[in-house]
Amino acid sequence: MPVGIFRVCLVVITAIVNHPLLFPKENGTVPENTEEIIQKMKEREESLRLEQLRLEQEIADQEAAQKALEKAAEVVEESKKEKVQWDTWTALSMVIFLLIELWRQDFQEGNWQDTGGEEDDMAVLGKAFKGVSFPGKAVLASFYEKRILGTTGDMARMREMVEGFADDLLEALRSVCNRDADMEVEDCMGVGSMYENWRVRKPFVCDLIVPFAPPEPYCFRSQIWCSGDSFPPDEQGYGTIKVCRADEDVTGCICDKTKLGEDMLCLLHSQANTARPSSEMEDLLCFKNTQYLDADQVMKWFQIAVTKAWNRISHKYEFDLSFSLLDSPGALKIKFRSGKSIAFNLTPVVQYENSDVYFISHFPRSSLAADLPSSTHWFLTFAVYERRFIQLVSKTLPANACHVSCLQILSFLHGKQCSLTGPSGLTNYHLKTVMLHLLLAHPSQDWAAEKLEARLQDMLKLLEKCLHEKKLYHFFIGNGKVPAELGFPIIFQRAEPLNLFRPFVLRRDVYRKTVDTFHEMLRNMSALINEYTVHIPLAQTNGIHKESL
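The rules behind the values
- Residues numbered from 1 in each chain as written.
- Predicted model: local features only at pLDDT ≥ 70, side-chain atom pairs only at ≥ 80, totals over all residues.
- Heavy atoms only, no water.
- Pairing = 2+ DSSP bridges.
- Helix = DSSP H or I, 4+ residues; strand = E, 2+ residues; numbered from the N terminus.
- Buried < 20%, exposed > 50% of the residue type's maximum accessible area, 1.4 Å probe, protein only.
- Contact = heavy atoms within 4.5 Å.
- Salt bridge = Lys/Arg side-chain N within 4 Å of Asp/Glu carboxyl O.
- Phe/Tyr/Trp six-rings, centres within 6.5 Å; stacked < 30°, edge-to-face > 60°.
- Lys NZ or Arg CZ within 6 Å of the ring centre and 35° of its normal.

**Student:** Explanation requested: the pairing of strand 11 (residues 378-381) in the structure shown.
**Tutor:** Within a regular strand, the side chains alternate between the two sheet faces. Note that strand 6 (residues 238-245) and strand 11 share 2 bridges and pair antiparallel. Across the sheet, the residue bridging to Gly239 is Trp378, located in strand 11. Direction of pairing for strand 10 (residues 358-360) relative to strand 11: antiparallel, over a ladder of 3 bridges. Note on strand 11: the bridge partner recorded for Ile360 is Phe379.

So, in structure tokens, the structure goes:
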């Protein structure tokens, strides 16, 4: 209690002592000092505020500069990454391109038409081929002997007769032609199935080609699709033939290619040499206003010349001669008084340089063949080399080899099926091309007579594989494995392989019809063969066994 009273008294005394009225003189300046202090504090506060603003601005500028630097660094980093990615993709693309190029060269030089092994071929065939009845060896041998072998003698007699008459007709043709103005006709050559001994379907038709050359002082200069100049895909396998004077250098002077002007003169060629009247070139069977040989003009000239030649020698023969097909200008038919007839084709051709490759004016057409680009584009035929290759390989094969037998049986089956269901895109030339590929792929001993059944299956398998892939390459063009003994021109071996099935890619309706016909032929194979085979006791045969081709 006393302590509490003491504290109250202390507070009261302190209040009284500190009251301003007790010390009026000492405390008179207090209000003035307070205002000055307040003013200085305000000035200080304002300066601090300005300093704060300045610092904030500097900080903001530094942050903006830092962000700009970071953004620039990010852009540089991204550009580096993109450059690295681009360099990576560029390098990868170059590697892929080089691999493709190496594969293409290998494909062209060594593996350009893959005939495949047994396992590869079997993998290609679809479910439609399972359970197909394939004739046994004895049935095939009986069929071949009964239906095909007997036609060989008939072909030989027909060839002899047609060749003799054609030689006589061409000799008469030379006599009726103007040696100074007309084309010079050489001796004919037999090509195709009749001269390769595998023709089976009647009527037999001999194919003869007749090389011709221009009169002096002219000559032919040819240009082919694989000579370096660009040819569109639909013109592969074709070439053009230019009629030139023998003393003319078509590549050394440009006076024919440019307009020199009225006041300029070519020092190499006089005006008399360079002027070629249109009528002169047309007399040389060129297309109008050009120097390029026209196939239509050639065929018109040849038909007229053959007609004149026949009129000169017709009295020597007891038959009539006529042109049999309008769409095949070289097709001729001999009609005997007994009513029998013999058909053969006599087609003019132009030799390619010094080889046995020929430009042919008209080629047998099929549903798969495309229209000619123009009448100045000539198709190249390798028929002479094909015949020569078969003869060369036959010398290395066993006696009675089955390569020709396989082709004959397959040609017969396909022909019979087409007679039942209509034509397809496959031709006998496609079938022969398959056989040529297999002749090059299989060793000689594989073509022994007792292996007829196996090799026929190989042909069917390869043909089905080619149809499946829509790829069947020409045997000679782009094939580096052609035997050197043939003397085949190297320019064609180095060319890009020519796909004979390329039209299937463009014409799906023909492709579908062709595949259906092939499948139907396989299903009907046993029935077609049995129709022409004498009855063989089961004990003497291996029967008709089923194989999944």
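**Student:** Could you clarify how one ought to interpret unusual backbone geometry in this entry?
**Tutor:** Most peptide bonds are trans, and most residues other than glycine sit at a negative phi. Of note, the bond from Lys202 into Pro203 is cis; its omega dihedral lies within 30 degrees of zero at 5°. Residue placement: Pro203 occurs in the loop between strand 3 (189-191) and strand 4 (205-213). The omega torsion of the bond from Glu216 to Pro217 falls at 10°, within 30 degrees of zero and hence cis. One non-glycine residue, Asn197, lies in the positive phi region at around 65°. The residue Asn197 is located in the loop between strand 3 and strand 4 in this model.

**Student:** Explanation requested: the environment of Val176 in the structure shown.
**Tutor:** Following the sequence through the fold, Val176 ends up in helix 5 (residues 151-176). Judged by its relative accessible area of 25%, Val176 is partly exposed. Between the alpha carbons of Val176 and Ala309 there is a distance of 6.5 Å; along the sequence they are 133 residues apart. For Val176, the contacting residues outside a window of four places in its chain are Ala305, Lys308, Ala309 and Arg312.

**Student:** What is the right way to read the pattern of salt bridges from this model?
**Tutor:** Two side chains bearing opposite charge may form a pair once their charged atoms approach each other closely. Applying the stated criterion to the full structure yields 13 salt bridges. The shortest N-O distance in the salt bridge between Arg512 and Asp516 comes to 3.2 Å. Of this pair, Arg512 and Asp516 are both found in helix 15 (residues 508-531), 4 residues apart, which corresponds to roughly one turn of the helix. Classification of Asp516 as partly exposed rests on a relative accessible area of 38%. One connected set of salt bridges, linked through shared partners, spans Glu51, Arg54 and Glu58.

**Student:** It is not clear to me how the packing of aromatic side chains should be interpreted in this structure. Could you clarify?
**Tutor:** Each aromatic ring pair is specified by the distance between its two centres and by the angle formed by the two planes. Taken as a whole and assessed by the stated rule, the structure comprises 28 aromatic pairs. Ring plane angle 75° and centroid distance 5.4 Å describe the contact between Phe165 and Phe319, whose orientation is recorded as edge-to-face. Here the residue Phe165 occupies a position in helix 5, and Phe319 occupies one in strand 7 (residues 319-323), the gap between them amounting to 154 residues. Across this residue pair, the class does not change: Phe165 and Phe319 are buried. One aromatic cluster is present, built from ring pairs that chain together Trp225, Tyr352, Phe359, Phe382, Tyr385, Phe389, Phe475, Phe476, Phe488 and Phe492. The ring of Tyr195 carries Arg159 above its face, with NZ or CZ at 5.9 Å from the centroid. Over the ring of Tyr218 we find Arg245; its NZ or CZ atom is 5.7 Å from the centre of that ring.

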